[in-house]
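Summary of structural features
Chain residues, written in single-letter form:
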Amino acid sequence: MENKETVLITGASSGIGLELAKVFAFHKFDLILVSRSIEKLKELASVLKNDYEVNVQVIEYDLSKSGAAKGIFNKVKSMNLQVDMLINNAGTGIVGFFHEIEESKDLEIMQLNMITLTEMTKLFSREMIKRKRGKILNVASTGAFSPGPFTAVYYASKAYVLSFSEALSIELGQYNITVTALCPGATRTNYSKNAGKKDMPNAMNPRRVALAAYEGLINNKKIVVPGIANKILIRLPKRLVSKINFKTQKKLSISKR
Ligand SMILES: NC(=O)c1ccc[n+]([C@@H]2O[C@H](COP(=O)([O-])OP(=O)(O)OC[C@H]3O[C@@H](n4cnc5c(N)ncnc54)[C@H](OP(=O)(O)O)[C@@H]3O)[C@@H](O)[C@H]2O)c1
């Protein structure tokens, strides 16, 4: 299948975002890759151009800074590019007791996981509305379905992403724009290390997550939960899951508490 559509992926320098970039390049989509690690992005771009003969542009941006979405939107305009599919994947978290975590870390998580994601969606969906065509994938988490004691702000941010995406899928559906919330469970990426914890022993391969996300997006699914175990997890009672979450997050935490 020949494709001339362009997909913008935030957080494409590692983990799920990097695997999404590979999957979309395999399917002949052109790409705009965004993250703070420009060298990693350039390296990935050169591999993808070579392996799949697609156009790949890279943008270095810290998405946890206020105004980041507008900055990226303007950059894309200045490159004369059109975003047909938007993937808001970049995200971060931290484990620990809420009262002990620095306020600046909470703000970084909220800005990146919710505010930039929301502003990116607003700016790029307006363009999609004009064209009456487009697709948006927002990366939430299985954590969106229950509270996450010991990682409270992160789980709450993902509950926001899920609710926001479900609401917009109805609003934007009138304009032929689909919105999909991807809800992965534990996945073997840099996420855990950056959040101050070890990976779950059964953490999923990010490639599997990216393949499930691609299938879901292309088939206009509203919510994608990769893996059977995760599909069961999100159906368990919230109270039970939040107790399990508390124990698990504390056990996996790298700092001794
Ligand atoms: N891994 C899991 O267990 C898991 C489970 C559920 C949901 N998720 C979600 O999946 C998404 C992808 O995470 P991942 O697991 O693939 O983790 P990852 O390997 O740490 O990748 C995170 C990506 O986000 C980018 N990023 C982080 N902070 C950024 C910032 N301030 N500005 C721009 N880019 C930034 C990183 O790039 P740079 O560092 O180069 O900027 C990186 O490319 C996140 O939204 C995460 O919450 C992960």
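About the criteria used
- Residues numbered from 1 in each chain as written.
- Predicted model: local features only at pLDDT ≥ 70, side-chain atom pairs only at ≥ 80, totals over all residues.
- Heavy atoms only, no water.
- UniProt positions renumbered as here; feature names shortened; annotations may be inferred.
- Phe/Tyr/Trp six-rings, centres within 6.5 Å; stacked < 30°, edge-to-face > 60°.
- Helix = DSSP H or I, 4+ residues; strand = E, 2+ residues; numbered from the N terminus.
- Buried < 20%, exposed > 50% of the residue type's maximum accessible area, 1.4 Å probe, protein only.
- 1 Å grid on protein atoms, 1.4 Å probe; cavity = no way out; pocket = protein on both sides within 12 Å on 5 of 7 lines; lining within 4 Å.
- Points joined across faces, edges and corners; volume = space filled by probe spheres on them.
- Nonpolar A, V, L, I, M, F, W, Y, C, P; charged D, E, K, R; others polar.
- Near = heavy atom within 4 Å.
- Polar contact = N/O pair within 3.5 Å; in protein donor to acceptor, adjacent residues only side chain to side chain.
- Areas by Shrake-Rupley, 256 points an atom, 1.4 Å probe, with all protein chains shown as cover.

- An unreviewed UniProt entry lists the chain under the name Putative ketoacyl reductase, with Clostridium chromiireducens as the source organism.
- Under the UniProt heading Sequence similarities (unreviewed entry), the entry covering the chain gives this text: "Belongs to the short-chain dehydrogenases/reductases (SDR) family."

**Looking at the packing of aromatic side chains**
- Considering all chains together, one arrives at 11 aromatic pairs under this definition.
- Each ring, one from F29 and one from Y214, has its centre 6.5 Å from the other, and the planes form 70°; the classification is edge-to-face. With F29 in the loop between α1 (15-26) and β2 (30-35) and Y214 in helix α7 (residues 206-218), the pair connects residues that are 185 residues apart, well separated along the chain. The residues F29 and Y214 share a single accessibility class, namely buried.
- Among the aromatic residues, those joined into a ring-pair cluster are F24, F29 and Y214.

**Here we look at empty space enclosed by the protein**
- According to the stated counting rule, one finds 2 cavities of 30 Å³ or more in the structure shown.
- When its volume is computed, the largest cavity comes out at roughly 50 Å³.
- Lining the largest cavity are T10, L63, N88, N89, A90, L112, T116, L117 and M120.
- Ranked by residues supplied to the lining of the largest cavity, first place goes to helix α4 (residues 103-131) with 4 residues.
- Residues belonging to the lining of the largest cavity are distributed by class as follows: 5 nonpolar, 4 polar and no charged.
- The volume enclosed by the second largest cavity comes to roughly 40 Å³.
- Lining the second largest cavity, in full, are I94, G96, F98, I101, D106, T151, A152, V153 and Y154.
- Among the elements that take part in the lining of the second largest cavity, helix α5 (residues 152-173) stands out by supplying 3 residues, more than any other.
- Broken down by class, the residue content of the lining of the second largest cavity amounts to 6 nonpolar, 2 polar and 1 charged.

**Digging into the site of the ligand**
- The local shell around the ligand holds 30 residues, among which S14, S37, N89, Y154 and T189 are the closest.
- With respect to the ligand, the side chain of S14 contributes an N or O atom lying 2.7 Å from an oxygen atom.
- Contact between the ligand and D62: a nitrogen atom at 2.8 Å from a side-chain N or O atom of the residue.
- Bound to the protein, the ligand loses 94% of the 870 Å² it would expose on its own.
- For the shell around the ligand, the secondary structure elements donating two or more residues are α1, α5 and α6 (191-195).
- Residue composition of the shell around the ligand, grouped by class: 12 nonpolar, 15 polar and 3 charged.

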